[in-house]
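Structural description and commentary
Read off the chains here:
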Amino acid sequence: MGVEVHQLGNEVVGRRLGQNLYNPAGNLLLRKGVEITPRYLDYFQDSGYQSIFLLSQGVSSEGSRFNSDRLLTTAPYILKKVFRKMRIDDTVRAAQAKGDLLSLAEAILVHVQNRLEKPPQLLELKRQGDYLYQHCVNVAVYSIFIGRAKNYSDQQLLNLAIAGLIHDFGMEFVDGDIVNKKDELGAEEFEQVKQHTTKGFTHLVHNCAFDGITTVASVQHHERFDGTGYPKRLHGNSIHEFSRIITLTDFFDAWTSDRPHRRMHSLSDAVAYIQEEQGSIFDPALAQSFTRLFT
Ligand SMILES: [Fe+2]
């Protein structure tokens, strides 16, 4: 049975919850499939939720604006709202947003597991203004495929999906003029961009109470396998596997996107570049299992 997103309102009473719901501390609050009672509705509204995931009602739900068929299209907009809430210095609202993000990650995982045999063509989904959110969703989706090829458990896949969604959260703190600059960045500007790793990680841990496993990639995804990356010049397996996966999927999605400073590369160019750079930028074993998905 599919999952869809609904605006919160009286009509959700009697429907069944589409995702496990967690409290701000990350503990399970309500299990997927539980019937939503008026008391639960009050709780959701009091907690500041605006939307909620529901189990689909079969054919009758096809007219829904946010049904599971369109999850990958709507997810960036949900993520944008979540990032906006997470970046403010209000730990209560930031923690609420974390709950929304966990639900979104779970919906994406369910969608990929139930519906997708191969990585989808995500090339057409990107629009410049919302690039960051589309990029993070795409990275989560591609990363799930690598985790699946490595026989990750459902819990590992969920953690990896969360890690993908938040890996570039720190870009929220980089000056928009720098992010959208068409010309090459100056040294100082590049230094500012590099800080998205440490700033994002610090905010995710301290303001939003994310745990280490889901945030490690936010600080490590620009490390390189040969030790020439940033911020810490880590190398090889001293870089967490989630980070090595997200280095690949981050690069792949960025390269197959139009950016202010360059046009998108083709899928086959991106695959060829990953193969060339295995051992230098990318973990060779992971690079092979990723490129196999596209050949
Ligand atoms: Fe990044």
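Residues numbered from 1 in each chain as written. Predicted model: local features only at pLDDT ≥ 70, side-chain atom pairs only at ≥ 80, totals over all residues.

1. Topic: the overall build of the chain
Convention followed: Each helix is a run of H or I in the DSSP string that is no shorter than four residues. Each strand is a run of E no shorter than two, and both are numbered from the N terminus. With the radius of gyration taken over C-alpha atoms, the globule rule is written as 2.2 Å times the number of residues to the power 0.38. Note on burial: count the other C-beta atoms lying within 10 Å of the residue's C-beta; 20 or more is buried, 12 or fewer is exposed, in between is partly exposed, and C-beta positions come from the backbone.
Per the secondary structure count, the chain includes 12 helices and four strands. Radius of gyration (C-alpha) of the chain: 19 Å, near the 19 Å computed for a compact globule of 295 residues. Dimensions of the chain, computed from C-alpha atoms along their principal axes, come out at roughly 55 × 40 × 35 Å. Per-residue burial for the chain yields a buried fraction of 39% across its 295 residues.

2. Digging into unusual backbone geometry
Omega for the bond connecting Y230 with P231 falls within 30 degrees of zero, at 10 degrees, which places this linkage in the cis form. Within the secondary structure, P231 is located in the loop between α9 (212-220) and α10 (241-255). Residues other than glycine seldom take positive phi values, yet A209 does so here, at roughly 60 degrees. Here A209 is to be found in the loop between α8 (196-206) and α9. On the basis of neighbour count, A209 is assigned to the partly exposed category, with 14 C-beta atoms found within 10 Å. The backbone of R233 shows a phi angle near 55 degrees, a positive value even though the residue is not glycine. Given 12 C-beta atoms within a 10 Å radius, R233 is considered exposed.

3. Comments concerning the environment of G176
Examined against the element boundaries, G176 turns out to sit in helix α6 (residues 176-179). Sequence spacing of G176 and E117 is 59 residues, and the spatial spacing of their C-alpha atoms is 37 Å.

4. Some remarks on helix α12 (residues 284-292)
Applied cut-off: Arc definition: directions from the helix axis to the C-beta atoms. The contact rule is simple: place each C-beta atom from the backbone, and if two of them lie within 7 Å, those residues are in contact.
Taken together, the buried positions of α12 are occupied by L286, A287 and F290. Buried residues along α12 cover an arc of 100 degrees about the axis, so they all sit on one side. Exposed and oriented more than 90 degrees from the buried face of α12 are A285 and R292. Looking at the buried residues of α12, the elements they touch are α4 (131-149), α10 and α11 (267-276).

5. Quick look at the nonpolar core
Generally speaking, nonpolar side chains in soluble globular proteins are found buried as a group. Just so we agree on the cut-off: Think of a nonpolar core as buried Ala, Val, Leu, Ile, Met, Phe, Trp, Tyr and Cys residues, each tied to the set through C-beta atoms within 7 Å. Note that the domain bounds reflect an automated or database-derived domain assignment.
The biggest cluster of nonpolar side chains holds 66 residues, and the ones touching the most others in it are L79, L104, A105, I108, A140, A161 and L165. No other element matches helix α3 (residues 91-115), which puts 11 residues into this core. Each of two domains, domain 1 (1-66) and domain 2 (69-292), supplies a minimum of three residues to this core.

6. Considering the domain arrangement of the chain
Selection rule: Polar here means any residue other than Ala, Val, Leu, Ile, Met, Phe, Trp, Tyr, Cys and Pro, which are nonpolar, and Asp, Glu, Lys and Arg, which are charged; Gly is therefore polar.
Assigned domains of the chain: these are domain 1 (1-66) and domain 2 (69-292). Relative to domain 2, the C-alpha centre of domain 1 lies at a distance of 27 Å. Considering only residue class, the side of domain 1 that touches domain 2 consists of eight nonpolar, six polar and no charged.

7. Things to note about the packing of α10 against α12
For the record, the criterion: Note on definitions: angles span 0 to 180 degrees between N-to-C directions of axes, and those axes are lines fitted to C-alpha atoms, for helices only across the stretch in contact. Roughly parallel refers to an angle under 35 degrees, roughly antiparallel to one over 145, roughly perpendicular to one between 65 and 115, and oblique to any angle outside these ranges. Each helix crossing is assigned a hand: it is left-handed if the near helix lies turned anticlockwise from the far helix by less than a right angle, otherwise right-handed if that turn is clockwise.
Where α10 meets α12, the closest approach of the two axes is 10 Å, and the angle between their N-to-C directions is 45 degrees. Relative to α12, the element α10 lies oblique. Considering how the two elements wind past one another, α10 and α12 form a crossing that is right-handed. Counted together, R244, I245 and L248 of α10 and L286, A287 and F290 of α12 form the full contact between these two elements. Residue composition of the contact of α10 with α12, grouped by class: five nonpolar, no polar and one charged.

8. Notes on the environment of G170
Tracing the chain through its elements places G170 in the loop between α5 (154-166) and α6. Sequence-wise, G170 and Q195 are 25 residues apart; in three dimensions their C-alpha atoms are separated by 7.8 Å. Among residues more than four places away in sequence, those in contact with G170 are H196, T197, K199, G200, F201 and S218.

9. What to know about α10
Selection rule: Multiplying 1.5 Å by the residue count of a helix minus one yields the expected span of that helix.
Taking 1.5 Å per residue, 15 residues should reach 21 Å; α10 reaches 21 Å between its end C-alpha atoms and fits that length. Extensive coverage of α10 is indicated by the burial of 12 of its 15 residues. What α10 keeps buried is the set F242, S243, R244, I245, I246, T247, L248, T249, D250, F251, F252 and D253.

10. What about the environment of Q220?
Looking at the secondary structure, you find Q220 in helix α9. As for Q220 and L41, which are separated by 179 residues in sequence, their C-alpha atoms are 39 Å apart. Excluding residues that lie within four positions of it along the chain, Q220 makes contacts with L234, I239, H240 and S243.

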